[in-house]
Amino acid sequence: MKKMRSIPLKRNSIVLTAVLFILAVFAWAGWANWEYRQQAAEKLLASAARGELVPDPAGGMPQYQSPFMGKAAPAFALDDLGGKKVSLASYKGKAVLINFWATWCGPCKIETPWLIELRNKYAGQGFEILGISTEGDDLKADDKAGWAKDKAAIAKFVAQQKVPYPVLVDGDSLSQAYGGLDAMPTSFFVDRKGNVVAAQMGLTSESEIEANIKKALAD
Amino acid sequence: MTKMTKKIGCAAILALGLVPLLAHGQNIAQSRPLVKGDAVQYLFPEQVTLPAGKPSPVTLHFRVAQGLHINSHTPREDYLIPTTFSIPDGSGVRLDGAVYPAGADMTLPIDTKTKLSVYTGEFAIQVRIAPAPGNHLVEAKLHYQACDQNQCLPPKTITVPIDVIGK
């Protein structure tokens, strides 16, 4: 009699174990699938993320909303005018203003003296500007003469304005990573930890740029 | 297997099956572009009939999007990109010359000292073109660089499609 009762009990235990095992496999597969899709969605979001100008409800200038606010500034390493590689990572621990500009951009020329003044004012507190020339022209990669002409125009501007901070070339290669760079100038203010704390598109004012520099230096 | 075990199993499978679906349904936010479409639009003519082999005048009409300006063909500063019209080689149509309109004077509110020479609204370029005999769907080009009062868009080349019939 005892034997008769223990057989179904044993069978139930085996079935229960099997069910639990199957459930565990399903749970693991579901979690792995979710994780995979999450990563794919994040990748898609990063590639599709674009900054946009949003009208100011108070009637002021439109505000630039960057998809990178509060997030790590996308890493890069570009050549400076002397051909030396300069990376954003090498400025970790400093507050950095990444300023995308172009030689054909009138508003960029207006803001450059402000940037120079502010850079000199806050450099002692651990602040630096990285000017990134973003010509956005229809130049083909193999158009050596075209690139040389662009580089000469950049060098001329840098010399004329006596720009004291590093100026890097080929900002166009960062266009997608930095949300499209639909217009110049576009600036990202990065704190000492490497996170974007403010962003601006278009000419604003020296006081607004200064306020954002202070934000980047605050942490 | 008891009924309860079966129910738990089914519920767990359904719940786990929903996880990837929910993940898949994540909304990928798409922002609107700064300027919809091109800053400059070609208006007309779509088709012209001209004497074959002889340079003839054609007036091409364009429109600059509201709130934007583009540099004229002769901007005052050498760093600014001039508006230029061209016809690619091998189009069956030769560009003999182009007369661009004079730019309008403009100053930015933030920099009233610098005077710009720009096109806004509608403008027309008078070109002289000489077609080879026959029908040519020409993809001419207009290169320009547009700005508004605070920011500038990257330089752009748009296609100017003209059906040129050389008779």
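Throughout this description, residue numbers start from 1 for each chain and increase along the sequence as written. A letter from A marks each chain and a number from 1 marks each ligand, given out in the order of writing. For a predicted model such as this one, the threshold for reporting local features is a pLDDT of at least 70, and the threshold for listing and counting side-chain atom pairs is 80 or more; totals across whole chains, interfaces and linings nevertheless cover every residue.

Participant: In this structure, what is going on with the overall build of chain A? I would like to understand it.
Facilitator: For chain A, the count of helices and strands is four helices and nine strands. With 219 residues in all, chain A has 33% of them scored as buried. Any residue pair is listed as a contact if its two C-beta atoms, each placed from the backbone, are within 7 Å. Partitioning the contacts of chain A with sequence separation of at least 6, the portion at a separation of at least 24 is 73%. In this text, helices come from DSSP runs of H or I with a minimum length of four residues, and strands from runs of E with a minimum of two, each type numbered from the N-terminal end. Every C-beta atom is placed from the backbone, and the number of other C-beta atoms within 10 Å of a residue's own sets its class: buried at 20 or more, exposed at 12 or fewer, partly exposed in between.

Participant: What exactly am I supposed to notice about helix H4 (residues 206–218) of chain A here?
Facilitator: Along an α-helix, a turn takes 3.6 residues, which lines up residues three or four apart on a common side. Residues and elements named next belong to chain A. How far a helix is expected to stretch is found by multiplying one less than its residue total by 1.5 Å. The first and last C-alpha atoms of H4 sit 18 Å apart over 13 residues, in line with the 18 Å expected at 1.5 Å per residue. Listed in full, the buried residues belonging to H4 are Ile-209, Asn-212, Ile-213 and Ala-216. Projected down its long axis, H4 shows its buried positions confined to an angular sector of 105°, all on one face. Relative to its buried face, H4 has exposed residues pointing more than 90 degrees away, namely Ser-207 and Ala-218. The inward-facing, buried residues of H4 contact strand E5 (95–101), helix H2 (106–122), strand E6 (127–133), strand E8 (186–190) and strand E9 (196–201). To be clear, the arc concerns the directions from the helix axis to the C-beta atoms.

Participant: Where do I start with the pairing of E6(A) in this structure?
Facilitator: A regular strand places its side chains so that they alternate between the two faces of the sheet. All names here are of chain A. Counting buried residues along E6, six of its seven residues qualify, which places the element largely inside the surrounding structure. Pairing between strands requires that DSSP locate at least two bridges from one strand to the other. Judged from the seven bridges that link them, E5 and E6 form a sheet pairing that is parallel. Bridge pairing in E6 links Val-96 to Glu-128. Handedness rule for crossovers: strands pointing away from the viewer, path from the first strand over the helix to the second running clockwise, crossover right-handed. With H2 bridging E5 and its parallel neighbour E6, the resulting β-α-β unit is right-handed. Direction of pairing for E6 relative to strand E7 (residues 167–168): parallel, over a ladder of two bridges.

Participant: Help me understand the environment of A:Ala141 in this model?
Facilitator: Locating A:Ala141 in the fold gives a position in the loop between E6 and helix H3 (144–161). A C-alpha to C-alpha distance of 15 Å links A:Ala141 and A:Ser175, two positions 34 residues apart in sequence.

Participant: Which parts of the structure should I look at to understand the sheet that holds strand E5 (residues 84–86) of chain B?
Facilitator: For sheets, the rule is that strands pair by backbone hydrogen bonds, running either parallel or antiparallel. All names here are of chain B. Spatially, the four strands line up as an open sheet ordered E2-E12-E10-E5, and their pairing is mixed. Sheet topology places strand E2 (47–50) and E5 at the edges, where each strand pairs with a single neighbour. On average, each strand axis in the sheet is inclined to that of its neighbour by 30°, with strand direction left out of account. One ladder, built from eleven bridges, connects strand E10 (residues 134–144) with strand E12 (residues 156–166); its direction is antiparallel. Within the sheet, the bridge partner assigned to Val-138 lies in E12 and is Ile-162. Angular values range over 0 to 180 degrees, each being the angle between N-to-C directions of two axes fitted as lines to C-alpha atoms, with helices fitted over their stretch in contact.

Participant: What is the right way to look at the nonpolar core in this model?
Facilitator: Within soluble globular proteins, side chains that are nonpolar tend to cluster in buried spots. In these notes, a nonpolar core means any group of buried Ala, Val, Leu, Ile, Met, Phe, Trp, Tyr and Cys residues linked to one another through C-beta atoms within 7 Å. In this structure, A:Ile98, A:Phe189 and A:Val190 are the most contacted members of the largest nonpolar core, which totals 71 residues. Of the residues forming this core, the biggest block, six residues, is contributed by E5(A).

Participant: Explanation requested: the packing of H2(A) against H4(A) in the structure shown.
Facilitator: Two quantities define a packed helix pair, namely the angle between the axes and the distance from one axis to the other. All names here are of chain A. Running from amino to carboxyl end, H2 crosses H4 at an angle of 35°, the nearest separation of the two axes being 10 Å. In the crossing of H2 with H4, the sense of the turn from one axis to the other is right-handed. In this structure, H2 uses Trp-114, Leu-118 and Tyr-122 to contact H4, whose residues at the interface are Glu-206, Ile-209, Glu-210, Ile-213 and Leu-217. Under the scheme applied, nonpolar residues are Ala, Val, Leu, Ile, Met, Phe, Trp, Tyr, Cys and Pro; charged residues are Asp, Glu, Lys and Arg; polar residues are all the others, including Gly. When grouped by side-chain class, the residues that make up the contact of H2 with H4 number six nonpolar, no polar and two charged. By definition, turning the near helix anticlockwise from the far helix through less than a right angle yields a left-handed crossing, and turning it clockwise yields a right-handed one.

Participant: Sorry if this is basic, but what is going on with the pairing of E5(A) here?
Facilitator: Residue and element names in this part refer to chain A. Counted residue by residue, E5 has seven buried out of seven residues, so it is predominantly covered. Residue alternation in E5 divides its side chains into two sets, Ala-95, Leu-97, Asn-99 and Trp-101 and Val-96, Ile-98 and Phe-100, and both sets are buried. Here five bridges tie E5 to E8, and the two strands are oriented antiparallel to one another. Paired with Val-96 across the two strands is Val-190, which belongs to E8.

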